[in-house]
Amino acid sequence: MEKQFIYMAATLLLILGLLDLGLSYIFKDKTDYTTGEVVSFWQPNPEAVKKGNSKWAHFKYTISGKNYKSSNMIQVPLSTKIGDKRKIKYSKENPEKIYDFSIKRALVLCIASIVLFIIGKFDLV
């Protein structure tokens with residue numbers, strides 16, 4: 001049973017990693033990076049709840065001298081506050097659309113998946 005759980009977790013991480021890699025590849029010429037400032041955020045649970053909570057933020061940013069506010073929210077660390085600046089990825093075709101997929105996260109997910117497959121294969125638990 002433990003081995004099955006490890007393989008299921010490894011498979012899920014691999015799928016998520018490959019999805020991030022795929023999106024990064026598909027949109028590589030259609031997106032760019034800029035620095036955005038958090039203008040508002042939303043949390044599904046009260047701020048005092050740390051376990052199982054998440055934070056989603058809207059950003060304002062400037063591209064080629066024009067100001068934008070994101071039309072969608074992306075997940076940010078729980079420690080993020082209004083006014084914080086973060087590197088964000090936006091659509092060149094629709095600059096108000098921001099994305100949260102990244103190659104770095106994809107590689108971390110794929111590496112974690114490989115580690116779990118190795119643990120399952122060689123009974124390292």
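Everything that follows concerns the structure shown earlier in this document.
Residues numbered from 1 in each chain as written. Predicted model: local features only at pLDDT ≥ 70, side-chain atom pairs only at ≥ 80, totals over all residues. Heavy atoms only, no water.

Engineer: Tell me about the overall build of the protein chain, and please be specific about residues and values.
Structural biologist: When you go through the protein chain residue by residue, the secondary structure sums to 2 helices and 6 strands. Written out in order from the N terminus, the α and β elements of the protein chain read α-β-β-β-β-β-β-α. Expected size for 125 residues packed as a compact globule is a radius of gyration near 14 Å; at 18 Å, the protein chain overshoots this value by more than 25%. Judged by the C-alpha coordinates and their principal axes, the protein chain covers about 55 × 40 × 15 Å. (Helix = DSSP H or I, 4+ residues; strand = E, 2+ residues; numbered from the N terminus. Rg over C-alpha atoms; globule rule 2.2 N^0.38 Å.)

Engineer: Let's hear about the pairing of strand S3 (residues 66-69): which residues, and what values?
Structural biologist: Both strand S2 (residues 55-63) and S3 contribute to a ladder of 4 bridges, which runs antiparallel. Pairing of Lys60 across the sheet is with Lys69, part of S3. Between S2 and S3, which pair antiparallel one after the other, the connecting turn spans 2 residues, and Ser64 there sits at a positive phi close to 50°. (Pairing = 2+ DSSP bridges.)

Engineer: Which residues make up the environment of Gln75, and what values do they have?
Structural biologist: Looking at the secondary structure, you find Gln75 in strand S4 (residues 74-76). For Gln75 and Phe41, which are 34 residues apart along the polypeptide, the C-alpha to C-alpha distance reads 9.2 Å. Ignoring sequence-local partners within four residues, the contact set of Gln75 consists of Ser54, Lys55, Trp56 and Asp100. (Contact = heavy atoms within 4.5 Å.)

Engineer: Describe the layout of surface pockets, listing the residues and the values that go with them.
Structural biologist: Considering only enclosed or pocket space, the largest pocket measures out at about 460 Å³ in volume. If you trace the largest pocket, you find 16 residues lining it, with Arg86, Lys87, Asp100, Phe101 and Ser102 closest to the centre. Elements with a minimum of two residues in the lining of the largest pocket: S4, strand S5 (85-91) and helix H2 (103-121). Tallying contributions element by element places S5 first for the lining of the largest pocket, with 4 residues. Looking at the lining of the largest pocket residue by residue, the classes come out as 8 nonpolar, 2 polar and 6 charged. (1 Å grid on protein atoms, 1.4 Å probe; cavity = no way out; pocket = protein on both sides within 12 Å on 5 of 7 lines; lining within 4 Å. Points joined across faces, edges and corners; volume = space filled by probe spheres on them. Nonpolar A, V, L, I, M, F, W, Y, C, P; charged D, E, K, R; others polar.)

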